[in-house]
Amino acid sequence: MSRQHIEFIHTSDMPWSKKDFNNFLEGIKYKILSIDNDTKEISVILKFPKGWKQKSNLNLLVDEEIYILSGSININNQELNEGCYSYLPANYPRKLFISDNGAEVLSFFSGKLSYTKKINKYNKNNFIKKISLFNDGWDNNYKGINSPEIASSGSKKKLLRTDKKNGDQTWIMGIIPSYQEKKVESHPVVQECFILNGEIEGNCGTMVKGSYFWRPRDILHGPYGTKTGCTILSRSKGGKLIVDYYDLDKPFDFNSTHQVVVPENLKKFSRKKIKKIKF
Ligand SMILES: [Fe+2]
């Protein structure tokens, strides 16, 4: 498993692709956020145009994890709109795959985007039809996510999935306004995050709506704080999230230094966001 440390990029600054990814995603523009050079696992934002329809009737040979950022898509008469999450195992047949209104979708593929016309069996135990953050609301406990400091602040989480084999997790955090951490931390697993709304400041700078990071295991980070509050989609790779806390050298303040860690080719998308002054 090898992906480069990206912490962080502003995905809204990235251009959409000009060409199609492949036949499975014909007519869909995309932005690649990160890719594993060995396994070809890939995290992307897909942009479905209005009235899009998959004509080819192809089935994916890898798992796809989906979160709808805006608009809606419809798979087998299941409408997925903003705030919806779904997990489609490899070979899940897509008899209907359309987007009437257009959509922006965060998609995580578990390997190279290969596909087939054949109908194979899929793992029904792994299938998650739909979880809607907006309709289903937050979890009413903190079971499953080990993040005591955030939990004790009154912030909320919604656990979306725990992989039955390796313990990898996907969840959403809703962090309350004015939250400020009193510890720095690290995790013995990879963490991948996408800011859905709001802003959050940490040791690398200020992340805003659309900011993304892929952080390898055991990297010290924080403390974090947010004036506005924020909603974050998170994934752990290599098992469930475990938080190791360490004491602070100095207390958190809202004047973070912009010092991102990104590969050369992504540097232009990681520039500090300057608030526009309107006269
Ligand atoms: Fe963390």
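As the structure is a prediction and not an experimental result, all values here were calculated from the model.

Basis of the calculations
- Every chain is numbered on its own, with residues counted from 1 as its sequence reads.
- Residue-level local features of this predicted model are given only where pLDDT is at least 70; pairs of side-chain atoms are given and counted only at 80 or more, and the full residue set underlies all totals for whole chains, interfaces and linings.
- All the domain ranges listed were derived from an automatic or database domain assignment.
- C-beta atoms are first placed from the backbone for all residues, and any pair lying within 7 Å is then listed as a contact.
- Each helix is a run of DSSP H or I of at least 4 residues and each strand a run of E of at least 2, with the numbering of both proceeding from the N terminus.
- By the convention adopted, Pro, Cys, Tyr, Trp, Phe, Met, Ile, Leu, Val and Ala count as nonpolar, Lys, Arg, Asp and Glu as charged, and the other residues, Gly among them, as polar.
- With C-beta atoms placed from the backbone, a residue counts as buried when 20 or more other C-beta atoms lie within 10 Å of its own, as exposed when 12 or fewer do, and as partly exposed for counts between those limits.
- Pairing between strands requires that DSSP locate at least two bridges from one strand to the other.
- Under the definition applied here, buried Ala, Val, Leu, Ile, Met, Phe, Trp, Tyr and Cys residues are grouped into a nonpolar core through C-beta atoms within 7 Å.

1. Observations regarding the domain arrangement of the protein
And step 1. If you check the domain split of the protein, you get domain 1 (13–136) and domain 2 (148–269).
And step 2. For domain 1 and domain 2, the distance between their C-alpha centres works out to 25 Å.
And step 3. Taken residue by residue, the interface counts 15 residues in domain 1 and 13 residues in domain 2.
And step 4. If you list the elements that add at least two residues to the side of domain 1 that touches domain 2, you get strand S2 (29–35), strand S6 (64–75), strand S8 (84–88), strand S10 (103–109) and strand S12 (128–132).
And step 5. Here the side of domain 1 that touches domain 2 is composed, by residue class, of ten nonpolar, three polar and two charged.

2. Focus on the environment of isoleucine 232
And step 1. Locating isoleucine 232 in the fold gives a position in strand S21 (residues 230–237).
And step 2. On the neighbour-count criterion, isoleucine 232 (20 C-beta atoms within 10 Å) is buried.
And step 3. Spatially, the C-alpha atoms of isoleucine 232 and lysine 47 are 20 Å apart, while their sequence positions differ by 185 residues.
And step 4. Apart from residues no more than four positions distant in its own chain, isoleucine 232 is found in contact with Ile172, Met173, Cys193, Ile195 and Leu196.

3. Side note on the pairing of S10
And step 1. In this sheet, S10 lies alongside strand S3 (residues 42–48) in antiparallel orientation, the contact comprising seven bridges. From the neighbouring strand, lysine 47 faces S10, where its bridge partner is glutamate 104.
And step 2. As paired strands, S6 and S10 are joined by seven bridges and run antiparallel to one another. Bridging across to S10, isoleucine 66 finds its partner in serine 107.

4. Notes on the nonpolar core
And step 1. Counting residues in hydrophobic clusters, the biggest one holds 57 residues, and the most contacted among them are Phe8, Ile68 and Val105.
And step 2. Residue contributions to this core reach at least three from each of two domains, namely domain 1 (13–136) and domain 2 (148–269).
And step 3. Among residues more than four places away in sequence, those in contact with valine 105 are Ile45, Leu46, Phe48, Ile66, Ile68, Leu69 and Ile73.

5. A few points about unusual backbone geometry
And step 1. Here the bond from glutamate 7 into phenylalanine 8 is cis, since omega is 15 degrees, no more than 30 degrees from zero.
And step 2. Take phenylalanine 8: it is sitting in strand S1 (residues 6–10).
And step 3. Positive phi outside glycine occurs at serine 178, with the angle close to 75 degrees.
And step 4. Here serine 178 shows up in the loop between strand S14 (169–175) and strand S15 (179–180).

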